[in-house]
Amino acid sequence: MDLLTPLFAPDRLHQHFKSITDDRRGRHYARCELLRWLAGFPDRDKKFVKEFQTTFNSSFWEIYLYAVFRDYGFAFDWKFPAPDFLLTAKEKTFTVEATTANHAAGEMPEWEKELTPDYFDNIDFNELNRVAIIRLASAFSTKSDKFKEKYCNHDHVKGRSFVLALAPFEQPKFNLQAYRAIEALLFDYYVDEAEYLASPEKFPNGPEGRSLGTVQKSNGTEIELGFFNSPRFKHISAVIFSNLATWGKVDAMSGNPLSMIASIRSFPDGALRRKVCRGNESSETLTDGLRIYHNPYATDPLPLEVFRKEGVVQMWADVDAYALHSEQTDNCLQSRTAFTVLIAEDDDPAFAKPDS
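Procedures and definitions
Residues numbered from 1 in each chain as written. Predicted model: local features only at pLDDT ≥ 70, side-chain atom pairs only at ≥ 80, totals over all residues. Heavy atoms only, no water. Helix = DSSP H or I, 4+ residues; strand = E, 2+ residues; numbered from the N terminus. Rg over C-alpha atoms; globule rule 2.2 N^0.38 Å. Buried < 20%, exposed > 50% of the residue type's maximum accessible area, 1.4 Å probe, protein only. Contact = heavy atoms within 4.5 Å. Lys, Arg positive; Asp, Glu negative; His and termini not counted. Charge placed at Lys NZ, Arg CZ, Asp CG, Glu CD. Pairing = 2+ DSSP bridges. Expected span 1.5 Å × (residues − 1). Polar contact = N/O pair within 3.5 Å; in protein donor to acceptor, adjacent residues only side chain to side chain. Core = buried A, V, L, I, M, F, W, Y, C linked by side-chain atoms within 4.5 Å. Phe/Tyr/Trp six-rings, centres within 6.5 Å; stacked < 30°, edge-to-face > 60°. Lys NZ or Arg CZ within 6 Å of the ring centre and 35° of its normal.

Caption draft 1: The arrangement of the overall build of the protein in detail. Scanning the protein from terminus to terminus reveals eight helices and 15 strands. A globule of 356 residues ought to have a C-alpha radius of gyration of about 21 Å, and the protein, at 20 Å, matches this closely. Over its C-alpha atoms, taken along the principal directions, the protein stretches across nearly 65 × 55 × 45 Å. Within the protein, the proportion of its 356 residues that are buried is 49%. Contacts in the protein between residues far apart in sequence, at least 24 positions, make up 70% of those at least 6 positions apart. Charge-centre separation for the protein: the mean point of 42 positive side chains lies 4 Å from the mean point of 52 negative side chains.

In structure tokens:
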């Protein structure tokens, strides 16, 4: 599959695609890393390259998921066109449908960032998370309806866990939502980041979560939160989520000495540690930042063992005790920012290209 040779005029190409395929040498490392993720991925409907070049995010998310599943050693069955993945792991066969939360019609897409000096200084976390919850809910509901109308009738789907893989790309600064929005959507568990940052002394044990009940859309419609707090979505066994499966992960794994990677990790001793290093010193892996949220009401539950791995967070609810449980939350990648110094191909002849 030739993913990177442009098929269309520049005005039809997605902004991210144009950026990653320019002739600056720093991009070469990341492109090679992306192609390693892609190795063996089939273009079943012969539309994947077109979609990657023109809409980008949903295709990039699917490539990332494929690389993760391959890294886990899952077995793939490509005989069926939908859902996106039919996998077998730990003697468990299940399906995964990939989707992304995108910007609403008329709203600013995530790639149109206002890179001003105060870019990160005036963030309204509650508004950012409100928008994120609404757009995640829309993507979730659309795929839920598709399952009930179509997928559930397929023999290869019946009697098996159906997993929704959901990634946020719905607004500029989307990565700053972390996992606040998805946990509010699924379990009605919300951490008010702004409240904590304004008065950290009130929270000696760190930010605290609470129930919101609902969020209100701009038109006044309310969305009831806690999708996994009742049987209404029992056909969805779990949600795979990552706000860190972005191009920054490609940069962090590419070995590019021109990149600077700033990351924050939690550790079992309770500490959060920040590390800044060059791209060729980064230890970030594919599954760093990955989160699996399990539906306690699932008709066909997904065993925790399927995705159990160091650094991969899993969360589930105890319905009887009305409590949330998790693993690896104290041993995971919390955030990451990647910066790359890009130079023209011929500006530094001594700077060798990496092996492809």
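Caption draft 2: Here's a closer look at the pairing of strand β10 (residues 259-266). The pairing of β10 with strand β15 (residues 333-340) spans seven bridges and is antiparallel. Within the sheet, the bridge partner assigned to S259 lies in β15 and is T340. When β10 meets strand β11 (residues 272-278), the two strands line up antiparallel, connected through seven bridges. Pairing of S266 across the sheet is with L272, part of β11.

Caption draft 3: Structural detail: helix α5 (residues 125-149). In a regular helix each residue adds 1.5 Å, so 25 residues correspond to 36 Å; α5 covers 36 Å between its end C-alpha atoms and thus fits that length. For α5, the N-terminal cap is D124; the gap from its side-chain oxygen to the backbone nitrogen of N126 is 3.2 Å.

Caption draft 4: Seen up close, the nonpolar core. Counting residues in each nonpolar core, the largest one holds 49 residues, and the members touching the most others are F69, F94, I240 and F307. Of the residues forming this core, the biggest block, 10 residues, is contributed by helix α4 (residues 57-72). For F307, the residues in contact, after removing those within four places along its chain, are F69, Y72, F74, F94, I240, I292, L302, V312 and Q314. A101, V215, F233 and Y293 belong to the second largest nonpolar core, which has 36 residues in total.

Caption draft 5: Spatial organisation of the packing of aromatic side chains. A complete count under the given rule lists 33 aromatic pairs for this structure. For the pair F41 and F48, a centre-to-centre distance of 4.9 Å together with 55 degrees between the ring planes defines the contact as tilted. F48 matches F41 in its accessibility class, with the two residues each being buried. Ring geometry for F187 and F228: centres 6.0 Å apart, planes at 75 degrees, overall edge-to-face. Taken as a pair, F187 in helix α6 (residues 180-187) and F228 in the loop between β8 (222-224) and β9 (238-241) lie far apart in primary sequence, 41 residues in all. The same class applies to F187 and to F228, which are both buried. Sitting above the plane of the Y179 ring, R291 keeps its charged end 3.4 Å from the centroid.

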